[in-house]
Structure formats: C-alpha cells, structure tokens
Amino acid sequence: MEAIELDKIPEISVIMPVYNVEKYLCQAVDSVLAQTYDDFELILVDDGSPDGCGAICDSYAAKDRRVKVVHQPNGGVSVARNVALKLARGKYVAFVDSDDWIADSMLEKLHAAAENTSAQIAMCDFNYEWRTFGRRNRSLPGVDVMGHDEAMIKLFRNKELESYLWDKLYLRELTTSYCPDGREYEDTSVMHHWVDGIKKLAVVHEPLYHYRMRRGSIVNNRNVKPRLDKLKADIDRSLYYASYHPGLVSDHELQAKVIESAVGAAKSVARNSSKADAMKAIGQILELSAPFAACLDDEAISGTKTAKRYRMMKKSLGRFIARMRFEKMFQSGCRKKDKNLFD
C-alpha cells in the first residue's frame, strides 16, 4: 500500500526556485507544507545558492515525501522554474517564491474555484508585506469568473489582472511555453501565452498570498539588465497581441504600452547608473522602442509626461539624465522615512 502512495500522481505541483534566501526559506516552505489541501508535491530548485539553502531543502525532503529537491548550478530564476515545470506531475501548477509565504488555505481555495467553475486558471488577492505593515492588492474586484477575451484585455493593461506567476493556480497543460532563459521579468514574457489557452479564469477574493517587499528582490533591482529585460518582455507581449489577436487591444494602446515601458526603464537607468552606462543603455532603449513611437502623435498621449520625457530622451540624452537625477534627489529627501520599511 505504501508503494502505491509513493507513486501516486499529485493533484498540484508547487514550484519554488531557491537562491540566497536562507533567512526566509523555512517560512516559505512551512507555509506550503501546512496547507489544508495536502494532495501536492513541492519541487524545490536549489539554483546554486551560495548560502545554506541547499542543506535546508534536503532537510525538508528527508522529513516529508511530498518534497522533491533539485540541485543545479546557478542559472537564474527562469531556468529554475523551467526545470521544475518539466518535472511537475500535477494536474495543476502553482508557484511560490522562496522569500514569500502563503495562507494555509490557498491551495484548497484555488483548487476548489478552478474545479467548481471549470476554469483553467484560478487566482486570488494578495498582500504586499513590508517590514512593519501589509497592504492588500485586490484582483478583479466584483468578478468571480471571466472569459478568454476579457482576461486577455485585463492582462495587457496589467492592473486588475497582473502578470505575477505566484497568485494563481494553472492547469499544467497551459504551461508548455517556458520562461525565457537568462531573462528577468519572465512572468511578463510567458503569462499572455498561458492566459491565451484558457476559456475561463476564476477569482478568489481573499488575500491568500503574502509577497515580501525586500530590497534584494527583482522588483527592487534597479540595475540596467532588469530594466532592459522588462522592456523586451513588454515589446514581446505587444507584438504577440498584434500578431495573434489583432483588434483585441488597439494599435495605439499596444504602442503606448511600449513607450511607457521605455520611459520607465530609461528613468530607472538614468537615476541608478553611471552616466556612461546610462547613455549606452538608453541608446538601446530608444532603438528597441522606436518602431512603437507613432503613438506619440496621438492627441491623447502627445501632451503627457511620458511623451515629453520620451521626446527629451531623443532630443537631448544628457539633459534627460540630468533631469531624472535631479528628480531623484528631491524624492530621496521626501522618502527618508521609508528606509526601514523593506527587509
């Protein structure tokens, strides 16, 4: 009987890439193992972590047969997630970041929502967790189930339905488009592929995921590469919609999304890199975004701050960098009280 249990295919595969999070890892793993729905496997991918994470992963596998561990040389979170996706056996897949934690009913409630509505994806609200307080993010308020086209539109606008991997439960057959190796913001690169395969998306209006706001996370990494990766992901998404769903989102909105992303990337690079690195990176940003700049002639965007900043980038790159740095100096003075909010 025990052998049969060991070979049993789990209903859910939970994927957790692990890298340099020794301080937080136990809380993340414990929150998964404490789930009220226990028909799952937890795949921990130790991505060449330089701290004690590998040993911690092995200790959990020794105590709980639901835990599977993969040790590999460091390849980045995209590679780690892809490795786990290829190993996942469950009908459904969920993702938990190794510095976050989940409510003990998350899997149960997402699974029930998916099964009861025949939805291919179920998602929940989540909390942003700073050191001393949390703030709830409400996903799709007033919506319990939505169809394909509405979900695709909401995803593109990335407000009520965002591209995060970790607040959702996916039918595993959706996840055959893998994260691009070597890129960050891999969720933005793949989420539209996965949502494009659904007929329904179900929503659980409870904050079941807890996202830790810490300085070392990708979201708070202001180096050049993550900014360029984010822009490339937004370009890929706009081109995908234009090619496979023409008219679902207007050409103007597709272009404006890229220009907004380009200005955001350039602003971050200008404020956080040396002038030489900023000049080089913003040159790349302008080159990547140039095919989408036609939207700047539209009256709805031509007078906006985004349009003005983009034109400044093209006309005088040195002036743009100086302006962004001046704004950062002013904002830094206003935000000194926030310095202890992040882990």
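Coordinates for the structure precede this section.
Residues numbered from 1 in each chain as written. Predicted model: local features only at pLDDT ≥ 70, side-chain atom pairs only at ≥ 80, totals over all residues. Heavy atoms only, no water.

For alanine 114, the position within the fold is in helix α5 (residues 106–117). A relative accessible area of 1% means that alanine 114 is categorised as buried. In this structure, the C-alpha to C-alpha distance between alanine 114 and valine 145, residues 31 residues apart in sequence, is 9.7 Å. Non-local contacts of alanine 114, meaning those with residues more than four positions away in its chain, are made with Tyr92, Ala119 and Ala122. (Helix = DSSP H or I, 4+ residues; strand = E, 2+ residues; numbered from the N terminus. Buried < 20%, exposed > 50% of the residue type's maximum accessible area, 1.4 Å probe, protein only. Contact = heavy atoms within 4.5 Å.)

Right, let's talk about the nonpolar core for a bit. Ranked by internal contacts, the top residues of the largest apolar core, which has 81 residues, are Ile12, Met16, Leu25, Leu42 and Leu201. Take this core: its biggest share by element is seven residues, from strand β10 (residues 200–212). In contact with leucine 201, not counting residues within four places along its chain, are Ala119, Ile121, Met123, Leu140, Asp144, Val145, Met146 and Leu161. Leu231, Ala256, Ile285 and Met324 belong to the second-largest nonpolar core, a separate cluster that totals 30 residues. (Core = buried A, V, L, I, M, F, W, Y, C linked by side-chain atoms within 4.5 Å.)

So, on to the packing of aromatic side chains. Per the stated rule, a full pass over the model turns up 15 aromatic pairs. Ring plane angle 55° and centroid distance 6.1 Å describe the contact between tyrosine 128 and tryptophan 130, whose orientation is recorded as tilted. Per residue, the accessibility class of tyrosine 128 equals that of tryptophan 130, and both read buried. The ring centre of tyrosine 60 lies 4.9 Å from the NZ or CZ of lysine 63, which sits over that ring. (Phe/Tyr/Trp six-rings, centres within 6.5 Å; stacked < 30°, edge-to-face > 60°. Lys NZ or Arg CZ within 6 Å of the ring centre and 35° of its normal.)

The subject of this paragraph is the environment of alanine 62. Tracing the chain through its elements places alanine 62 in helix α3 (residues 53–63). A residue is classified by how much of its surface remains accessible, and alanine 62, at 69% relative accessible area, is exposed. When the C-alpha positions of alanine 62 and alanine 84 are compared, they lie 19 Å apart, and in sequence the two are 22 residues distant.

All right, on to unusual backbone geometry then. Positioned with a positive phi, asparagine 20 is a non-glycine residue whose angle comes to about 55°. Take asparagine 20: it is sitting in the loop between β1 (12–18) and α2 (25–33). On the basis of relative accessibility, which here comes to 43%, the residue asparagine 20 falls in the partly exposed class. With a phi close to 55°, tyrosine 185 is a non-glycine residue in the positive phi region. Mapped onto the elements of the fold, tyrosine 185 is located in the loop between β9 (168–171) and α7 (186–195). Tyrosine 185 gets classed as buried once you look at its relative accessible area, which sits at 14%.

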